[in-house]
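Results of the structural survey
If you want the building blocks of each chain, they are given just below.
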Amino acid sequence: MTLLQKLSFTAILGSATFSVASSIPKDIQKTILPDNVVRCEPSAGCINQTLYGRDYKVITTPRFTVMVSISSEGVYTRADVSIANHTDTPLSMTPQDLRPEVLTPKPKVLLYIPPARLVLPPPPPAASAPATPVHPSTAASFLQSSTLAPTPAVGEADPDAAEAREKLAADKAAAEQPLTAIVIGPNEVTRGRVYFERDKKSHLVNVVLPIAGLVFEFPYAMKH
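Here is what the cut-offs are and how they apply
Residues numbered from 1 in each chain as written. Predicted model: local features only at pLDDT ≥ 70, side-chain atom pairs only at ≥ 80, totals over all residues. Heavy atoms only, no water. Pairing = 2+ DSSP bridges. Helix = DSSP H or I, 4+ residues; strand = E, 2+ residues; numbered from the N terminus. Salt bridge = Lys/Arg side-chain N within 4 Å of Asp/Glu carboxyl O. Phe/Tyr/Trp six-rings, centres within 6.5 Å; stacked < 30°, edge-to-face > 60°. Buried < 20%, exposed > 50% of the residue type's maximum accessible area, 1.4 Å probe, protein only. Lys NZ or Arg CZ within 6 Å of the ring centre and 35° of its normal.

This part covers the pairing of strand 3 (residues 47-51). Every regular strand shows the same layout, with side chains that alternate between the two sheet faces. Pairing between strand 3 and strand 4 (residues 54-60): five bridges, direction antiparallel. By the bridge assignment for strand 4, L51 is matched with R54. Remark: two residues form the turn of the hairpin made by strand 3 and strand 4, two consecutive strands paired antiparallel; Y52 in that turn has positive phi of roughly 55°.

This part takes up the pattern of salt bridges. Using the criterion set out here, one finds eight salt bridges in the structure. R54 is the salt-bridge partner of D80, the closest N and O atoms lying 3.2 Å from each other. Residue D80 is located in strand 6 (residues 76-85), and its partner R54 is located in strand 4; the two are separated by 26 residues in the primary sequence. With a shortest N-O distance of 2.7 Å, D80 and R78 are connected by a salt bridge. One connected set of salt bridges, linked through shared partners, spans R54, E73, R78, D80 and R193.

To continue, consider the packing of aromatic side chains. Going through the model one piece at a time under the given rule, you end up with two aromatic pairs. Ring geometry for Y76 versus Y195: centroids 5.8 Å apart, planes at 75°, classification edge-to-face. Within this pair, whereas Y76 is found in strand 6, its partner Y195 is found in strand 12 (residues 189-197), the two being separated by 119 residues in sequence. Judged by its relative accessible area of 8%, Y195 is buried. On the numbers, 6.2 Å between centres and 70° between planes, the contact of Y112 with F196 is edge-to-face. Remark: F196 occurs in strand 12 and Y112 occurs in strand 10 (residues 112-113); sequence separation between them is 84 residues. Take Y112: its relative accessible area is 22%, and that puts it in the partly exposed class. Positioned above the aromatic ring of Y220 is the side chain of K57, whose terminal nitrogen or guanidinium carbon lies 4.3 Å from the ring centre.

Dropping the structure here:
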């Protein structure tokens, strides 16, 4: 992991709020899962993370880290997705791989809406807030690394922290773009938004994402 990656990761941790994923309905918990299914629940180590103003559910395995946040946005159901490939093999992904399944009250699969068919309101103007500095010594304390650069003198610019902040800004911008078909290289991350039709009567929705033989599931109680 490079210094920039360490600083970027530390800054994300500093700006994010973590908690154990909330429990899911008992009727879902009682389901016996196949060996290749990983469902977001506390027993699977799933956590909640607040990042970029969104509440994500996060599943981490030795091969992949998958983050999903789902919400109702106007006439659409919006899913914000981040996938990290921890393997040595490139991973091909498309937005259609993501599948929100309405479980209650009436089972159905929400249809994918391609970006060309979206009619979205203009985004609100970005608030200009000063970025929180990320100091190399902070990264060192978290990562227990002895390879970080020396602490700059008082009043001296910290180019590594500035570069990390720029990387975080680029990551946030990428997370706000539509997810496209992509090949995720080894130790790389992709992120973006996927839109689906909206079912205003849906209560419990299970977001399903198959990846390289594994099936990740994220149950959500929808808010309308």
